[in-house]
Amino acid sequence: MNHESKAFDIRYTRVTDLLLLLAYITLVIGSVLQVRVDKVFAYMDEALVIAFAILAVWQILSGNRRLDRENRRIGICLVVFLAVGMVSTVFCGIERSFKSIAIDLLTCSKFFLMLIGVNTITQGRAGDALKLCASFSRFYLMLMLVFLPVGLVLDMGMVIGERLGYAFLYGHPSNFAAAVVTCLVVVLADRKNEKEFTVIAAVLLIASDRSKAIAFAAVALLVVFVLRKKDKIPIGFWIASGVGSLLIALDQIKLYFFDSTTARSVLLLSSFKVANRFIPLGSGYATFGSNVTISDYSPLYYDLGFERVWGLSPINNDYIADSFWPIVIGQFGYIGLALFLILLLCLIRKAFVSISKGASPVWPICLIVVYLLIASTSESAFFSSYAPGLAMVMGMMMNVERQAK
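Scoring rules and cut-offs
- Residues numbered from 1 in each chain as written.
- Predicted model: local features only at pLDDT ≥ 70, side-chain atom pairs only at ≥ 80, totals over all residues.
- Heavy atoms only, no water.
- Helix = DSSP H or I, 4+ residues; strand = E, 2+ residues; numbered from the N terminus.
- Buried < 20%, exposed > 50% of the residue type's maximum accessible area, 1.4 Å probe, protein only.
- Contact = heavy atoms within 4.5 Å.
- Areas by Shrake-Rupley, 256 points an atom, 1.4 Å probe, with all protein chains shown as cover.
- Expected span 1.5 Å × (residues − 1).
- Patch = residues over 30% accessible without salt bridge, like charges linked within 9 Å, V, L, I, M, F, W, Y side chains within 5 Å.
- Salt bridge = Lys/Arg side-chain N within 4 Å of Asp/Glu carboxyl O.
- Lys, Arg positive; Asp, Glu negative; His and termini not counted.
- Charge placed at Lys NZ, Arg CZ, Asp CG, Glu CD.

**So, the overall build of the protein chain**
1) Next: A count of helices and strands for the protein chain gives 16 helices and two strands.
2) Next: Buried residues in the protein chain amount to 55% of all 405 residues.
3) Next: Taking the intrachain contacts of the protein chain between residues at least 6 apart in sequence as the baseline, contacts between residues at least 24 apart amount to 77%.
4) Next: Just so you have it, the protein chain exposes about 17900 Å², and 65% of that area is on carbon and sulfur atoms.

**Points about helix H7 (residues 194–207)**
1) Next: Taking 1.5 Å of rise per residue, 14 residues should cover 20 Å, and H7 covers 20 Å from first to last C-alpha, within 8% of that figure.
2) Next: Residues of H7 that are buried: Glu194, Phe197, Thr198, Ile200, Ala201, Ala202, Leu204, Leu205 and Ala207.
3) Next: Those residues of H7 hidden inside the fold are in contact with helix H5 (127–153), strand E2 (165–166), helix H6 (173–190) and helix H8 (211–227).

**What about a positive patch on the surface?**
1) Next: Together, Arg66, Arg69, Arg72 and Lys357 line one region of the surface with positive charge.
2) Next: Within the secondary structure, Arg69 sits in helix H3 (residues 69–92).
3) Next: Take Arg69: its relative accessible area is 54%, and that puts it in the exposed class.

**Observations regarding a nonpolar patch on the surface**
1) Next: Taken together, the side chains of Val150, Leu152, Val153, Leu154 and Met156 make up a nonpolar region of the molecular surface, amounting to roughly 450 Å² of accessible area.
2) Next: For Val153, the location among the structural elements is in helix H5.
3) Next: The exposed category is assigned to Val153, whose relative accessible area is 68%.

**Description of helix H11 (residues 263–277)**
1) Next: Taking 1.5 Å of rise per residue, the 15 residues of H11 would be expected to cover 21 Å, and the 20 Å separating its terminal C-alpha atoms lies within 8% of that figure.
2) Next: Every buried residue of H11 is accounted for by Ala263, Arg264, Ser265, Val266, Leu267, Ser270, Ser271, Val274 and Ala275.

Printed below as a string of structure tokens:
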């Protein structure tokens, strides 16, 4: 396998690589900027998705880049999935503003748009950009670790909620955990000091006191210290990851999904009611479970009695957008659910095709998929503000030649 003999030197870095680094940093710290600076930064992830998508289309039309077969498959499935959402919006009869529909449509597509856009733009030249991102990630992980004992001892707003989870400057431990995961997978792709930084990331994830973060930390440690030298992913990994994650998150799963009075349980059960009501379609964009329905409260919620459920009411709405599969089932119906599962299969197929060609690191890409699937049990995952960051690094990794052991 051909490897670069020249040591990485920032003096040889192209402007494009620096712009990719800037975009990566913006996505990683976007939630911090939103919480600590101004709410306008909440739209930075969508703005970057649009920018990368437009740039990719321009590069393709100009003949400088091509859309490979796997990206075409993902793109076609995405268009059909989004079309089902639009048909559902038209026929469900729930009045929604054009702005809310447009925002939700972009939210539901941004992970895959970012993945295709970055993967297309960085064809054959993602290596140096990824190294820059890895350097920043190592620095940022160390910075978050340094502030961990300080945040636990002093009242600096870094420990959040009744469960006292460490959130650094993110305002919520879940956003913090996603940032840690994003930094970790980039470090693992670069491989420099990967064991040390896996331990650091695991400490930070455990400190967040979120079951999904702790489950992922266990999987990451298993990968780096036990399975790292394997070029193929053994079936035992998926079994161990699934069983281990379930055991770690068992108490939270019982609380959220087997107690019919909790907000997440109500959301999940109600999503099937909505899908049955509009069968085989769903209720459409900006109507059920999506983030935009917090500020623009959906009329459907009154039909479902959400105004009487703690965490789902117009005033106390902390859990409305705190799920993933209910959004897919409710807004897109059973047809949309089937299409999204196909979309996931296309994503996994693309990952394995690039891995089989030696064109991408095995385990970092695998860990991104694992984290999104774990996170999808208790947050918006693929539709979240951190999803474009994971999509960006995944798209770059698919264009980086796998390093020797």
